[in-house]
Amino acid sequence: MTPTLHEWLHQSPLTGIFLTLLAYRVALSISRRYHGHPLANTVLVGAGLLIVSLLALGLSFDEYFRGAGFIQFLLGPVTVALAIPLYNNLARLKRSAFAILCSIVVGSVAGVASAVLIAVAFDLPPQIVLSLAPRSATTPIAIGVAEAIGGIPTLAAAFVIVTGIIGAVLARPLLALLRMNDDVVLGVATGIAAHGIGTARVFQISETAGAFAGLAMGLTGFVTAVVAPLLVHFLLS
């Protein structure tokens, strides 16, 4: 029996792929139309379009992810490919290596500590506090850290996405306000605070900023995975 269009949309992995690519293309057009305005961030707009599309079609996340998972798989090779522009900036990396490393360590600790202390100050439930702690790490690391310390992995992933979108929107205007126009500073700050979403954003501004954001994103994830369980235990004990 030939499936109806409604059944095909719910069953086919092509639905998730098509909706993701379409949402990104529309979001990219909007971003270009408004000359890269922070509020026209492609991830922010694309995520909103996807949510509306899934609700309109009555698709569950599992049905959507049946196809979108193939796109997520490509995140690994794309992350590795960030080494290419970083290699092209090897001289600047060597000159600033110590400052960058210190910034990443301090930024990672500050990210975990600020999330935990603010959540505690607002008297949030313990599981939400623990889920917030790794919010500045990239999603797979944040999920693993949240599981290890007793948080809720899905909630941690949501906090990571929200953090990334906010960081991608505010990073450049904030640094411009502080009169910091160096691409290395922009890249490292964005990679620490806004992981992959921020990295994608600054790549649209400058390849150098994107390269250093990718480096900061990876090392922030590593430092967060090591520091977060110890720091959370210390702050909550």
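Residues numbered from 1 in each chain as written. Predicted model: local features only at pLDDT ≥ 70, side-chain atom pairs only at ≥ 80, totals over all residues. Heavy atoms only, no water.

Turning next to empty space enclosed by the protein. Taking a probe equal in size to a water molecule and rolling it over the atoms shows the remaining empty space. Under the defined criterion, the tally for this structure stands at one cavity of 30 Å³ or more. Forming the walls of the largest cavity are Ala168, Val169, Ala171, Arg172, Pro173, Thr190, Gly198, Arg201, Val202 and Ile205. The dominant element in the lining of the largest cavity, judged by the number of residues it contributes, is helix H10 (residues 153–177), at five residues. Its residues assigned to classes, the lining of the largest cavity shows six nonpolar, two polar and two charged. (1 Å grid on protein atoms, 1.4 Å probe; cavity = no way out; pocket = protein on both sides within 12 Å on 5 of 7 lines; lining within 4 Å. Points joined across faces, edges and corners; volume = space filled by probe spheres on them. Helix = DSSP H or I, 4+ residues; strand = E, 2+ residues; numbered from the N terminus. Nonpolar A, V, L, I, M, F, W, Y, C, P; charged D, E, K, R; others polar.)

Okay, the packing of helix H9 (residues 139–149) against helix H12 (residues 207–236) next. At a closest axis distance of 10 Å, the pairing of H9 and H12 adopts a crossing angle of 20°. Comparing their axes, H12 and H9 come out roughly parallel. Relative to H12, the crossing made by H9 is right-handed. Residue-level contacts link Ile141, Val145 and Ile149 of H9 to Gly221, Phe222, Ala225, Ala228, Pro229 and Val232 of H12. When its residues are assigned to classes, the contact of H9 with H12 shows eight nonpolar, one polar and no charged. (Axes fitted to C-alpha atoms, helices over the stretch in contact; angles between N-to-C directions. Parallel < 35°, antiparallel > 145°, perpendicular 65-115°, else oblique. Left-handed = near helix turned anticlockwise from the far one by under 90°. Contact = heavy atoms within 4.5 Å.)

With that out of the way, let us pick up the layout of surface pockets. Roughly 2,000 Å³ of volume is contained in the largest pocket. As for the largest pocket, its lining consists of 44 residues, of which Val43, Gln72, Leu75, Ile161 and Ile197 are closest to the centre. When residues of the lining of the largest pocket are traced back to their parent elements, those giving at least two are helix H2 (13–33), helix H3 (42–57), helix H4 (61–73), helix H5 (75–81), H9, H10 and helix H11 (183–203). A class-by-class count of the residues in the lining of the largest pocket yields 30 nonpolar, 14 polar and no charged. A domain split of the lining of the largest pocket shows at least three residues from each of domain 1 (5–73) and domain 2 (81–236). If you add up the space inside the second largest pocket, you get close to 540 Å³. (Domains from an automatic or database assignment.)

To continue, consider the nonpolar core. Ranked by internal contacts, the top residues of the largest apolar core, which has 14 residues, are Val112, Val116, Ala133, Ile149 and Val232. Broken down by secondary-structure element, the contributors of at least two residues to this core are helix H7 (90–121), helix H8 (126–132), H9 and H12. If one sorts the elements of this core by residue count, H7 sits on top with five residues. Formed by 11 residues, the second largest nonpolar core is a distinct cluster that contains Leu86, Ile104, Val184 and Ala211. (Core = buried A, V, L, I, M, F, W, Y, C linked by side-chain atoms within 4.5 Å. Buried < 20%, exposed > 50% of the residue type's maximum accessible area, 1.4 Å probe, protein only.)

Okay, the domain arrangement of the chain next. What the domain assignment reports for the chain is domain 1 (5–73) and domain 2 (81–236). Counting from both sides, the interface comprises eight residues of domain 1 and, opposite them, seven residues of domain 2. Around 670 Å² of area is buried between domain 1 and domain 2 when both sides are counted, 64% of it from carbon and sulfur atoms. By the criterion of area lost to domain 2, the three top residues of domain 1 are Pro38, Asn41 and Val43, representing 59% of everything that side buries. Taken together, domain 1 and domain 2 are joined by zero salt bridges. Remark: the boundary between domain 1 and domain 2 carries zero residue pairs in polar contact (both at pLDDT 80 or more). (Buried area = accessible area lost by both parts, 1.4 Å probe. Salt bridge = Lys/Arg side-chain N within 4 Å of Asp/Glu carboxyl O. Polar contact = N/O pair within 3.5 Å; in protein donor to acceptor, adjacent residues only side chain to side chain.)

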